[in-house]
Each structure stands twice: as C-alpha cells, then as structure tokens.
Amino acid sequence: MSVVSTRYEAPRAPWLDRFVLLAAPGLMYLALVFALPLALLLLKSFQNQDGAFSLAAYAEFFGDPYNLTVLWRTLRVALLTTLLALIIAYPTAFALARAQGLAQSLLLAAMILPLSVGVVVKAFAWSILFRSNGVLNDTLKWLGLIEKPIRMLFTETALIIGAANVFLPFMVLPIYAVIRQLDRSLPEAAASLGASPMFRFFRVTLPLTLPGVIAGSAFTFSLAISMYVIPSLIVGERQQTLSMLIARSYLFLRDDQLGSSISAILLAIAVAVVLGSSWLAGRVAGGRR
Amino acid sequence: MTKGRFTPKVSRRTLLKSTAAAGVGILAAPAILRAAGGEIVVGCAGSHTAWMEGIVLPHMKEKFGASILFEGTKSSVNLEKMRSNRDAPYLSVVQMDDPVMILAVEEDLLTPITASAAPNMTELREGATHMDGMWCNYVQPWAGVAYNTDLLDGVPSWTQLWEAAYEGQIIVPSLQNTEGMWTLFAAAHLATGKPLGEAQYEIDAAFDKLAELKPNVLTTYTVMSQAFNLLEQGEIQMLSGNFSSYTLPRKAQGVPVDLAAPKEGIFAMPSGICLVKGGPNTELAEAYLNEMLGAELQGKVAEFASSLPANTTAEVSVTVPEGVPVFGPDWAFVSKNRKEWIERVDKLMSA
C-alpha cells in the first residue's frame, strides 16, 4: 500500500498577497503626511482651549446662520461644478477614446497641458474674458443678445465656469479609461435588435460607463468642495466658501479650534462623497453581473 | 652684506597670541564685516516685491555679498509662519504692519532691536520705534483712494464712494488686510462727523455706514494684485484704501491710475521691520535691518515707493499731499478688536 501525502495549501487571503507590499511605501507616506496630521486636526476640533473634550466649536459653527449659508454655498458650487464638468467631459471622453493616432494625441495634450498652467494665471485670463468689455460681453453684444454688458466677474456663475475648467481633466480621464474598455459590439448588438440610438445610450452605453462617471464625479466634487485659491481669486471674500473660512480662522481669527472643526466638517463631506461613490460604483458593477 | 633668507619662526606662544588677536579683531570689526556672506530669509508684504527685488536685494548683495531670500505675503501669514516655527524659526527678519507687530510681541516672537545692533535706529524720527525697540518703522506710504484716470478726474471726498452712480464700481480691501481699516475709519468719520482720531472708536456707526456702501462694492479682496488689475483695466473705477507705494509706481509706469487724497483725510501706512526671536544668522539679520533703517537705502526705497522715510537724514523729494489731515490710528485698539471686526464685515458684505 502506498501512502500518498498531499500538502494542504489554504487559500491565501487577498491582503496577504505579496504584491500588496508594493503599496507599503505609499501607505506609510500617506499615514505620515496625511492621516496623522488629520487625526491631530480632528482631535483639536474636540478640545477646548484647556485641552478638555468640548463640542463648543461645532456648536459655534452650526449655531451661526452665516456659517450655514457658507456651507450651503460650498456644497452648491461643488455640485454645480461637478455637473458642468460632467456635461462637458462625457462627450469629450468619447471623442478621446474613439480618436486615432495624431488626433488622439492632440486631444490628450489639450486635456493635460492646461494642468501645467497655474490657477493664478488662469484667473487673470478669465478676468479678461469675463470683464465688461471682455470677449464674452462683446460677443453677446455683437450677436444682439444684450444691449449693455452683464456682470460676469465676481459671480457664482464665473466661479463654477472657472472651477469646471480647472477640474475638467479629472472628470474626463476616468470616463475615458472606462470607455476605452467598452465592448463596442454591445451597442451594435442592441441596434441589431432594433434599439433606437436613445435607448441604446440610456440602457447600454451609459450604464456601462457609469463607473467612470462616478469616479470622475467623486474626484471633481472632492476637489471642488475644498478649493481655496480659485474662489479667492474669482469671487473674493464676498462669497466665502468653507476653505476660505478655514484660512480665516487660522490666519486671522487665530482660532485653531474653529479652524479644525470646519476642516473636520469639510473632510466628513469629502469622505462621505468618496465612500458613497465607491459604494455606488460597486452597486453598478454588481448590477451588471 | 649677505642677504639672509627670511625664515618665519612661529612658536606655540606666538601662534596663540596671533589667534587671540585675530579673534578680538573680528569681534571688534563692524557687524557689516562679520555679516559678509551667508543667507537669511526675510518675510515681507507681497506688495513690496517690486522694490525688494529692484532695490533692496541688489543693495544687500553689493554691501554684504549676502543672499537675501524674501517671502512676500500678508502680514498675518508672516505672523503665522513665525508662530508655527517658534521652536526653529527660519525667518530672520520680518517686515509687516504695526497691528500685526503688536500680536507678534504679545506672542513673544520678536527680539528687541538695540542701537548697538542697528546704530541707524538712532536716526529715526520720533515715534518710529515701538515698544522699547520691538520693531521700527522704516518707510511710511500714505493711503487714500486709487482710481482709474480714464474714468474719473479724481476722488475729492470719501463720500464719492457712497454715490449711487458707482454701483458695482468699487473694490474694498478685506479687514484681514491692514489697508482694509481705512474704509472702515472713513465710514466712521462720515457717519459721525467727528475727526478721524475720535471717529475711529465709533465702530457701530462705521458698520452702519459700510452697509450703505454694499451696493457699490463689486467685491472685497485679500489678494490685492487682482483687484488692482481690474482697476487698471477699467472694470472698476475706485479701489478704496490703496497706498502710495503700490499705486504711484504703477502711475509712473504709464498705467492710467492715480491715488487721490480725499479732503477728509489720508492714512499713514504702518510699515514696520523686526528681528525674529531665535532667527538664524543673527549678525546678517541685524546688518540687514540696520541697512533698512539707514538713510541711503531708505532714500532709494522711499523715492521708488513714494513714501516718507523714517530716517530723518534721508534725502528724498517725496512729499505727502498737503492740506489734508494724515491719520495714524490707535493700533492697540485695532489689534484688540480686529477679529470681531473681520467676522462682522464678512457677514455684512456677504453677497
């Protein structure tokens, strides 16, 4: 009788995968320069001046109607910026994915190169575009749509247009990455079964590209809700956002507790959006299987 | 006669004597020699960039062979840099406004300037040295109302800012900026009719008057360059509270702007300079500061920035407008109340 010995190998848990170790430097870096300072910041927001536990800063923030106005404005601007960026980015991503050779290279360069131009330079350029005798007003007047210049500078509309312009690549690229992997035969199959172009888009193409849309929206929203330089330059102090309140608290009011509590509120919103979008992306992916 | 070959004989005692003598010589030499070479970082206002780059840095390079790195930003940001790096300061000298200097003194961030470290401080006019030498004023620009000369002939009175014809045509500085105080004090004067010296304490009246200005205010700024750009472009007609060291050099370059001195009064900008406590390269820092207080450099800066030098021996052709009161506020009062005013004006001006 022969004895056959077999060695049992337990299935390895994904986190034990040695390739996970490749992320170790990045994780350590993030832990040191991101997680640790944020944890200290959060801790500070729950302390009073004597270091004892206190919710006073949160009570002060939510008890002031002005702060609630700023919170709502910040959310509204971030949402509208994300929406505008999505409307522009979605067809752009398709054009980018379907383009070939030189055209694709040019489109990609057009998408990436503006990132190398600082926001300050862009803000000055926008002031030329948006001013009373700027290109936009002159064009509208020439077209006969307006009789006298309309105010564009220092408006929320200008801020949303400017912010969407800055964050556009962060919306386009995730959608582009998904579209590139899209099986082109699926819409064609739907067409062969008699589906109209509208039906094919809403029932086949859009659901398949939703993970890219969700990722791009999460990127853009997170960037838009925490932007500081862009609103400072485009709308100034009359339309403050949460980030501007944070800077004001630290630099001018010298109120660390208020600054850290507003930072924590901003962070909570951003984390909720990222987690929510991840959950949504998972649901979308799950729904397709 | 035979020429003997010189052979230096250096005994241990001679060597020790020579070294000691050299040491004493170095210590006895003026700071300017000891400060030669090296590098310091100076914090200053962003609006100082033109003359810091054009005048001060080349002067220091020529004088000391030293590299002066400057960081141009707002006074409050400079204060935060000092505060955050209290245990290991990297700034050696900071040039910022008086009300922020008061906060820096309260937080024990400055080291006093002495006449032995900066002999030129003895030549400053009375009142230019504050709190037992914690800081000194070096040049003093004056502030009024900047306007676009293509659109306006002048601004004879502060009341012009409130006229209905200028709806959306004015930008005012935030109270986060020192120059933001001028509109507030002008509002206090217009509301109460009292001289600026008395009106500055009538803050409730000032805020009521500021509320009336709101329709004319396009925006409030903390970053001046963009606001000034809009004035130059003619997008706005007036920039309240602007000052001679920024507007007049632009005017001299042919830009269609000028600075008005309204009849009710103009304001003295409180430009101060201080030594950071524990800042690196003390000797170079002191030498730099001494030069900034000296007649030669102050003359050059004051001419460029259309400001009055604090050094009484500096020769300049600059004058402040005549026939209008020049007002210097109670900075201790400002410093004590500024936080509350900032919050209040932000809410008041909110769109």
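Please read all numbers here as calculations on a predicted model, not as lab measurements.

## Some details on the overall build of chain A
Stage number 1. Of regular secondary structure, chain A possesses twelve helices and zero strands.
Stage number 2. In chain A, the succession of α and β elements from N to C terminus is α-α-α-α-α-α-α-α-α-α-α-α.
Stage number 3. Its C-alpha radius of gyration of 25 Å places chain A more than 25% over the 19 Å reference for a compact globule of 289 residues.
Stage number 4. Overall, chain A is about 95 × 65 × 35 Å in size when its C-alpha atoms are taken along their principal axes.
Stage number 5. Per-residue burial for chain A yields a buried fraction of 40% across its 289 residues.
Stage number 6. Taking as baseline every contact in chain A between residues at least 6 positions apart, the subset at least 24 positions apart corresponds to 70%.
Stage number 7. Surface exposure of chain A reaches about 16,600 Å², of which carbon and sulfur atoms provide 70%.
Stage number 8. Charge centroids of chain A, computed over 22 positive and 13 negative side chains, lie 9 Å from each other.

## Details of the packing of aromatic side chains
Residues and elements named next belong to chain B.
Stage number 1. Taken as a whole and assessed by the stated rule, the structure comprises 15 aromatic pairs over all chains.
Stage number 2. Aromatic side chains Tyr201 and Phe333 sit 4.8 Å apart centroid to centroid with 65° between the ring planes, which places their arrangement in the edge-to-face category. Separated by 132 residues along the polypeptide, Tyr201 in the loop between helix H7 (196-199) and helix H8 (203-213) and Phe333 in helix H13 (residues 331-349) bring together distant segments of the chain.
Stage number 3. On the basis of relative accessible area, Tyr201 is assigned to the partly exposed category, the value being 40%.
Stage number 4. Here the aromatic rings of Phe228 and Tyr246 are separated by 4.9 Å at their centres, their planes lie at 75°, and the arrangement is edge-to-face. Of this pair, Phe228 sits in helix H9 (residues 224-233) while Tyr246 sits in helix H10 (residues 244-252), and the two are 18 residues apart along the sequence. As far as burial versus exposure is concerned, Phe228 and Tyr246 are alike and both buried.
Stage number 5. One aromatic cluster in this structure is built from Trp158, Trp182, Phe185, Phe267, Phe327 and Trp331.

## So, the domain arrangement of chain B
Residues and elements named next belong to chain B.
Stage number 1. Annotation of chain B at the domain level lists domain 1 (38-140 + 270-309) and domain 2 (142-267 + 323-349).
Stage number 2. Just the C-alpha atoms count here: the centres of domain 1 and domain 2 sit 26 Å apart.
Stage number 3. The partner domain 2 presents 18 residues to the 15 residues of domain 1 that form the contact.
Stage number 4. In total, domain 1 and domain 2 occlude about 1,200 Å² of area from one another, counting both sides; carbon and sulfur atoms represent 59% of this.
Stage number 5. At the surface where domain 1 touches domain 2, the tally comes to zero salt bridges.
Stage number 6. Along the contact surface separating domain 1 from domain 2 lie four residue pairs in polar contact (both at pLDDT 80 or more).

## Details of the side chain of B:Asp97
Residues and elements named next belong to chain B.
Stage number 1. Topologically, Asp97 is positioned in strand E3 (residues 93-97).
Stage number 2. There is no salt bridge for the buried Asp97, and the closest opposite charge comes from Arg338, which lies 6.5 Å off by N-O distance.
Stage number 3. Setting aside anything within four residues of it in sequence, one finds Asp97 in contact with Ser75, Thr178, Pro270 and Ser271.

## Let's talk about the interface of chain A and chain B
Stage number 1. Contacts between chain A and chain B engage 26 residues on the former and 33 residues on the latter.
Stage number 2. With both chains or domains summed, chain A and chain B bury close to 2,900 Å², and 52% of this area falls on carbon and sulfur atoms.
Stage number 3. Linking chain A with chain B are three salt bridges.
Stage number 4. B:Glu343 is the salt-bridge partner of A:Arg248, the closest N and O atoms lying 3.7 Å from each other.
Stage number 5. For the pair chain A and chain B, the interface holds twelve residue pairs in polar contact (both at pLDDT 80 or more).
Stage number 6. The set of elements that each furnish at least two residues to the side of chain A that touches chain B consists of helix H3 (65-98), helix H5 (119-130) and helix H11 (242-252) of chain A.
Stage number 7. Considered class by class, the residues forming the side of chain A that touches chain B number twelve nonpolar, five polar and nine charged.

## Considering H9(B)
Stage number 1. The element H9(B) is largely enclosed, with a buried count of eight among its ten residues.
Stage number 2. Those residues of H9(B) not exposed but buried are B:Met224, B:Gln226, B:Ala227, B:Phe228, B:Asn229, B:Leu230, B:Leu231 and B:Glu232.

## Points about the pairing of strand E11 (residues 238-243) of chain B
The side chains of a regular strand alternate between both faces of the sheet.
Residues and elements named next belong to chain B.
Stage number 1. For E11, a buried count of six out of six residues is recorded, marking the element as mostly surrounded by other parts of the structure.
Stage number 2. Here strand E8 (residues 142-148) runs beside E11; their pairing, made up of four bridges, is antiparallel. Looking at E11, one finds that Tyr147 is bridged to Met238.
Stage number 3. By the bridge criterion, two bridges tie strand E9 (residues 170-173) to E11 in an arrangement that is parallel. Directly across from Ile170, in E11, lies its bridge partner Met238.

## Examining the pattern of salt bridges
Residue and element names in this part refer to chain B.
Stage number 1. All told, the structure shown has 17 salt bridges over all chains when counted by the stated rule.
Stage number 2. A salt bridge links Glu80 to Arg83; the shortest N-O distance between them is 3.1 Å. Pair noted here: Glu80 and Arg83 are both in helix H4 (residues 75-84), with a separation of three residues, about one helical turn.
Stage number 3. Residue classification places Arg83 among the partly exposed residues on the basis of a relative accessible area of 22%.
Stage number 4. Residue Asp204 is joined to Arg344 by a salt bridge in which the shortest nitrogen-to-oxygen separation is 2.9 Å. Residue Asp204 is found in helix H8, and its partner Arg344 is found in helix H13; the two are separated by 140 residues along the sequence.
Stage number 5. Several salt bridges share partner residues, and in doing so they unite Lys63, Glu291, Glu296 and Lys300 into one network.

Calculation criteria
- Residues numbered from 1 in each chain as written.
- Chains lettered and ligands numbered in written order.
- Predicted model: local features only at pLDDT ≥ 70, side-chain atom pairs only at ≥ 80, totals over all residues.
- Heavy atoms only, no water.
- Helix = DSSP H or I, 4+ residues; strand = E, 2+ residues; numbered from the N terminus.
- Rg over C-alpha atoms; globule rule 2.2 N^0.38 Å.
- Buried < 20%, exposed > 50% of the residue type's maximum accessible area, 1.4 Å probe, protein only.
- Contact = heavy atoms within 4.5 Å.
- Areas by Shrake-Rupley, 256 points an atom, 1.4 Å probe, with all protein chains shown as cover.
- Lys, Arg positive; Asp, Glu negative; His and termini not counted.
- Charge placed at Lys NZ, Arg CZ, Asp CG, Glu CD.
- Phe/Tyr/Trp six-rings, centres within 6.5 Å; stacked < 30°, edge-to-face > 60°.
- Domains from an automatic or database assignment.
- Buried area = accessible area lost by both parts, 1.4 Å probe.
- Salt bridge = Lys/Arg side-chain N within 4 Å of Asp/Glu carboxyl O.
- Polar contact = N/O pair within 3.5 Å; in protein donor to acceptor, adjacent residues only side chain to side chain.
- Nonpolar A, V, L, I, M, F, W, Y, C, P; charged D, E, K, R; others polar.
- Pairing = 2+ DSSP bridges.

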